[in-house]
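# Close look at the chain arrangement
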Amino acid sequence: MEELLELLKDGHARTIELLAMELGTSPEDIERKIEYLEQIGSIKRVSMQVRKCNGCSGCSGGEQSGATPCKGCMPEDGFKNMGTMWEVMV
Amino acid sequence: MRANATIALLGQPNAGKSTLFNALTGLRQHVGNWPGKTVEKKEGNFSHKGVNYKVADLPGSYSLSANSDEEVITRDYIASGDADIVCILADSSQLQRSMFMLADYAGIDVPCILLLNMADVAKQQGKSIDAKAIENKLGIPVIPFSATDKKSYDVFYNALDKAVASKNKLNIEALENKYESIEGFQQICGLIPNDAITGYSSTWLAVKAIEGDKVVMAKLSEVLDDSVMAQIESIAKETKGAVATGGCKFAWIDDVLDNAVSKKSKNIKLGKLDKIYLSRVWGKPAVVLTVILGLLASFIPAIPPMIIGSVVLMLKAPIASGLAAIGAPHILTLIINDVVIQSLSYIIKMLGFVFGVTLSFGLLEEVGVMARISYVFDNTMGKLGLQGKSVMPFLISFGCTMGGAAGARVIDNWGQKVLTIALAWAVPCGAAWATIPMLATIFFGPGAVAVIVAILLIMLVHMYVTAKVFGRKLVKKQDRYGMIMELPPYHKPKWGALFRYVLGRTKETFFRVTKVVLLVCGIFWALSYSPAGGNGGILYKVGTAIEPVTKAIGMPWQLFLSYIASAVGKEGAIGVISALYSGGSYSAAFTQAMSGGGVAGDLNSILLANVTKPEALAFMFAMTFNMPCVVALAATYQETHSAKWTAKIVLYYTVVSLLLAFLAYHVGLLIW
């Protein structure tokens, strides 16, 4: 797991598959390590939900109710197909 | 009846604990709370072959580290020795991962058995698991099991009977060997006596000390001298902490499973597209090219509305003659034709681009390309002093800068947040993507494509330069880690949902844009109107007064006023153009053209006759890179809480947009 974090030190993003390739292991191995690192707080999942947007110019109705961004800012329910990102917290 | 026995069920969430508990106890269970905690306590009982078993269903948690009450309750209960046997559940279909609970348990001094639950799922996946081999390595009963399959319970009951009698404990020697690779582990072990806290071995406590488990440290400090505690803490600090111990646990799991689990080794292969997108060299050009192609493709659905918009203008002549026939005042005809019809024509043309651009971006997101963009630019973000996730606000800003500013909230560092918002301003928003391609098409025809590409490339340069200008004060250059990403597989878009989103957005834009354009157009038309005809309007006087200055930047006064209006909202600029170039009192030549009826209704030709190509180019750059709109300005202040930085950003964008206009004008002069 130290090697995994060490690898990311160069500032380049990596996918689970690329990490598995570079570390000579399987994607499943990387996945369980991601789960563990997330548990101990070494990495953090990036939230892609934009909260309330206070009536942007895209909102025809001005102030939007609730905590969802308006349809003008984003597709409903936010970006669904952006995958998952984790940032390293050190 | 033989003596009673108590068993505890331990496992990660989804390991199948509840199913097992319910199957074992049926209705003989009761639910309460653990003393003094809000954590649910589930207990029940059953009897088998004359033995009465009490079952405790322990709270599900990832591990036994003190992250919350659940884990502390769980491990304290186990260590108390109340349970004779702990049944640890693991998911056979993903043993590498789910054996972690067992690894974290290792070192607790209570007999246990390992249930390889969901054996049926593993079988379906084509995995074969040699439970005996695992049993030999662990020294405890290991039982392939399926909590949902009644037939497999016999094996479980038999194993339980034997385990209660033999009280086998987990063999942790191999794991200890792994831990010894951590520098300082043995030292800490030596400092903690084996009976320091009942139920836990010194190995287990040493591991938790290295992991920085606060509850364990507090308990240790009750029994150990302060000097010993200080020593433990200082040694633990030198280790990699939970990263190191976790690594040992996973390595141990792999050793245990080695030769015991048959797995088909799959070669990891990247798809053809990902070979390009994920390449260090080709990733960036490929992604930029994809976005450009996407934008260009958005011109196609925009063509029909462009034509319809022009057709609308032809209504001017019949309306004018119709109104004249019923004796309506001349000014009414002017208002309807120059304000309403003129604006409507522009709005319809814009909607085509709103539709096209939204569809393109929606499609890129749906098929999975957007996710690759954040991947490709992660390192670039780092070089600009930003976090990788800053890409998200930028992507949102293609729709609305305000949304982008709100999206920057995910960035916890203030300086990075301000810089992210400052850069998001350079991303042309939805309103710009509606107006700019439309104007570009009017002025340059097919050449609009080149203008859009140029704007996109200038945007990248703009963002880079802006980051350098503001970055020095806002962010400290520091080494940063790359992100880990799980990219979605490429898949076919869900057309229904996509079109609903695109049409919904087009509709929203229609109402908003109609309001803005009509209002702005009306105001500017009124200000430029002179009852005497000709050049009498107030605006004309102001305009001609400032023209010597604006001409230097490459913009006639009408376009300059339009640029000013674009600071309020990019659609506003269209209202101004609509008013000032639609005739009325604009100029003598213009009025003459107007009286020509149908011919003059063709605004495109009027615009083309009055604005040169370099001037148009200058205006387009000025408008695109002007501040996004007043609402975005307010949002920026709201998110940054700094009037100083908001003002700085506004001033910077105004200057840069005029500078870009100046450059574009002179480049234009060279071309045309």
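Residues numbered from 1 in each chain as written. Chains lettered and ligands numbered in written order. Predicted model: local features only at pLDDT ≥ 70, side-chain atom pairs only at ≥ 80, totals over all residues.

## Quick word on the overall build of chain B
For the record, the criterion: The helix and strand labels rest on DSSP assignments: H or I over at least four residues marks a helix, E over at least two residues marks a strand, and numbering proceeds from the N terminus. We compute the radius of gyration from the C-alpha atoms alone; for a globule the expected value is 2.2 Å times N to the 0.38, where N is the number of residues. Whether a residue is buried, exposed or partly exposed follows from its count of other C-beta atoms within 10 Å of its own C-beta, namely 20 or more, 12 or fewer, or something in between, respectively; the C-beta atoms are built from the backbone. We call two residues in contact when their backbone-placed C-beta atoms lie within 7 Å.
A tally of regular secondary structure across chain B gives 33 helices and 10 strands. A compact globule built from 672 residues would reach a C-alpha radius of gyration of about 26 Å, whereas chain B, at 36 Å, exceeds it by more than 25%. Taken along the three principal axes of its C-alpha coordinates, chain B extends 115 × 55 × 50 Å. Within chain B, the fraction of its 672 residues that count as buried is 49%. Taking the intrachain contacts of chain B between residues at least 6 apart in sequence as the baseline, contacts between residues at least 24 apart amount to 73%.

## Description of the overall build of chain A
The helix and strand tally for chain A stands at 3 helices and 3 strands. Counting from the amino terminus, helix and strand elements in chain A follow one another as α-β-α-α-β-β. Residues counted as buried form 43% of the 90 residues belonging to chain A. Contacts spanning at least 24 positions in sequence make up 41% of the contacts within chain A whose residues lie at least 6 apart.

## Here's the deal with the interface of chain B and chain A
Quoted interface sizes are often the accessible area lost when the parts come together. Filter applied, for reference: In this classification, Asp, Glu, Lys and Arg are treated as charged, Ala, Val, Leu, Ile, Met, Phe, Trp, Tyr, Cys and Pro as nonpolar, and every other residue, Gly included, as polar. Pairing between strands is defined by DSSP: at least two bridges between them are needed.
Listed per partner, the contact involves 60 residues of chain B and 57 residues of chain A. Considering each element in turn, the side of chain B that touches chain A owes the most residues, 7 residues, to helix H19 (residues 369–383) of chain B. Per-class residue counts for the side of chain B that touches chain A are 29 nonpolar, 18 polar and 13 charged. Across 2 bridges, strand S1 (residues 14–15) of chain A lies against strand S10 (residues 484–486) of chain B in parallel orientation. Along S10 of chain B, the bridge assignment pairs Thr-15 of chain A with Met-485 of chain B.

## A short note on the packing of helix H32 (residues 630–640) of chain B against helix H33 (residues 643–671) of chain B
Residue and element names in this part refer to chain B. As a reminder of what qualifies: Helix axes are fitted only over the stretch in contact, all axes being lines through C-alpha atoms; the angle between N-to-C directions runs from 0 to 180 degrees. Crossings are classed by handedness, with left-handed meaning an anticlockwise turn of the near helix from the far one by less than a right angle and right-handed meaning a clockwise turn.
Between H32 and H33, whose axes approach to 8 Å, the crossing angle comes to 145°. The crossing of H32 and H33 is right-handed. Judged by residue contacts, Leu-633, Thr-636, Tyr-637 and Thr-640 of H32 engage Ala-643, Trp-645, Thr-646, Ile-649 and Val-650 from H33. Residues that form the contact of H32 with H33 fall into these classes: 6 nonpolar, 3 polar and no charged.

## So, the domain arrangement of chain B
All names here are of chain B. The test is simple: Domain extents, as shown, originate in an automatic or database domain assignment.
On domain assignment, one finds that chain B holds domain 1 (5–170) and domain 2 (174–262). Taking only C-alpha atoms into account, the centre of domain 1 sits 24 Å from that of domain 2. Listed per partner, the contact involves 25 residues of domain 1 and 22 residues of domain 2. Element by element, the count of residues in the side of domain 1 that touches domain 2 is highest for helix H6 (residues 131–138), at 4 residues.

## Describing the sheet that holds strand S4 (residues 51–57) of chain B
Residue and element names in this part refer to chain B. Strands sit in the order S2-S3-S4-S1-S5-S6-S8 across an open sheet of 7 strands; the sheet is mixed. Edge positions in the open sheet fall to strand S2 (29–33) and strand S8 (142–144), since each of these has one partner strand only. Along the sheet, successive strands turn relative to each other by an average axial angle of 25°, direction set aside. Pairing analysis gives 6 bridges linking strand S5 (residues 85–91) to strand S6 (residues 112–117), with the strands arranged parallel. Note on S6: the bridge partner recorded for Cys-87 is Ile-113. Contacting S6 and S8, H6 runs over the sheet at an angle of about 160° to S8.

## Concerning unusual backbone geometry
Residue and element names in this part refer to chain B. Look at Met-118: it is not a glycine, yet its phi comes out positive at around 60°. Mapped onto the elements of the fold, Met-118 is located in the loop between S6 and helix H5 (119–124). On the basis of neighbour counts, which here come to 27 C-beta atoms within 10 Å, the residue Met-118 falls in the buried class. Positive phi, close to 55°, is recorded for His-641, a residue that is not glycine. Positionally, His-641 belongs in the loop between H32 and H33. Here His-641 falls in the exposed class, since 10 other C-beta atoms lie within 10 Å of it.

## Examining the confidence of the model for chain A
Low pLDDT marks regions whose predicted coordinates should not be analysed in detail. Residue and element names in this part refer to chain A. What counts, and what does not: Every residue gets a pLDDT, meaning the predictor's confidence in that residue, from 0 to 100.
Scored by pLDDT, chain A comes out at a mean of 76, with 64% of its residues at no less than 70. Element-level pLDDT for chain A is lowest in strand S3 (residues 84–88), with a mean of 90, against a maximum mean of 94 in helix H3 (residues 27–39). Scored below 50 in pLDDT, residues 55–69 makes 40 contacts in the model with residues more than four places away or belonging to other chains.

## Overview of the environment of Ser-47 of chain A
Residues and elements named next belong to chain A. Tracing the backbone shows Ser-47 in the loop between strand S2 (43–45) and S3. A count of 13 C-beta atoms within 10 Å places Ser-47 in the partly exposed class. Separated by 38 residues in sequence, Ser-47 and Met-85 have C-alpha atoms that sit 8.3 Å apart.

## Describing the domain arrangement of chain A
Residue and element names in this part refer to chain A. Along its sequence, chain A is carved into domain 1 (1–45) and domain 2 (46–90). Taken together, the 9 residues of domain 1 in the interface contact 7 residues of domain 2. Ranked by residue count, the leading element in the side of domain 1 that touches domain 2 is S2, at 3 residues. Of the residues that constitute the side of domain 1 that touches domain 2, the class distribution is 4 nonpolar, 2 polar and 3 charged.

## Focus: the sheet that holds S3 of chain A
Strand order in the open sheet formed by 4 strands is S1(A)-S10(B)-S3(A)-S2(A), and the pairing between neighbours is mixed. The outermost strands of the open sheet, each flanked by one partner alone, are S1 and S2 of chain A. Bridge count for S3 of chain A against S10 of chain B is 3 bridges, and the pairing is antiparallel. Residue pairing in the sheet places Trp-86 of chain A in a bridge with Ile-484 of chain B of S10 of chain B.

## Section: the nonpolar core
Heads up, the condition is: A set of buried residues qualifies as a nonpolar core if it consists of Ala, Val, Leu, Ile, Met, Phe, Trp, Tyr and Cys joined through C-beta atoms within 7 Å.
Core analysis: the biggest nonpolar cluster contains 143 residues, and Met-350, Ala-618, Phe-619, Met-620, Ala-622 and Ala-661 of chain B have the highest contact counts within it. Examining the composition of this core, we find that 13 residues originate from one element, helix H18 (residues 330–367) of chain B, more than from any other. Both of domain 1 (1–45) and domain 2 (46–90) of chain A provide at least three residues apiece to this core. Not counting residues up to four positions away in its chain, the partners in contact with Met-620 of chain B are Ile-436, Leu-439, Ala-440 and Val-451 of chain B. In this structure, Ile-78, Met-99, Phe-250 and Ile-253 of chain B belong to the second largest nonpolar core, which totals 80 residues.

## Concerning the pairing of S3 of chain A
As defined by bridge partners, S2 of chain A adjoins S3 of chain A across 3 bridges and the pair is classed as antiparallel. Bridging across to S3 of chain A, Ile-43 of chain A finds its partner in Val-88 of chain A.

## A closer look at the environment of Asp-161 of chain B
With respect to the secondary-structure elements, Asp-161 of chain B resides in helix H7 (residues 153–166). Sequence-wise, Asp-161 of chain B and Phe-394 of chain B are 233 residues apart; in three dimensions their C-alpha atoms are separated by 62 Å.

## Brief notes about the environment of Glu-615 of chain B
Within the secondary structure, Glu-615 of chain B is located in helix H31 (residues 613–624). When the 24 C-beta atoms within 10 Å are taken as the criterion, Glu-615 of chain B is described as buried.

## Considering the confidence of the model for chain B
All names here are of chain B. Scored by pLDDT, chain B comes out at a mean of 87, with 95% of its residues at no less than 70. Scored below 50 in pLDDT, residues 584–601 makes 37 contacts in the model with residues more than four places away or belonging to other chains. Scoring the predicted complex yields pTM 0.83 and, for the interface, ipTM 0.84.

## Observations concerning the pairing of S5 of chain B
Residues and elements named next belong to chain B. With respect to burial, S5 is a largely interior element, 7 of its 7 residues being buried. By the alternation rule, side chains of S5 split into Ile-85, Cys-87, Leu-89 and Asp-91 and Val-86, Ile-88 and Ala-90, which are all buried. For strand S1 (residues 5–11) and S5, the ladder comprises 5 bridges, and the chain directions are parallel. By the bridge assignment for S5, Ile-7 is matched with Ile-85.

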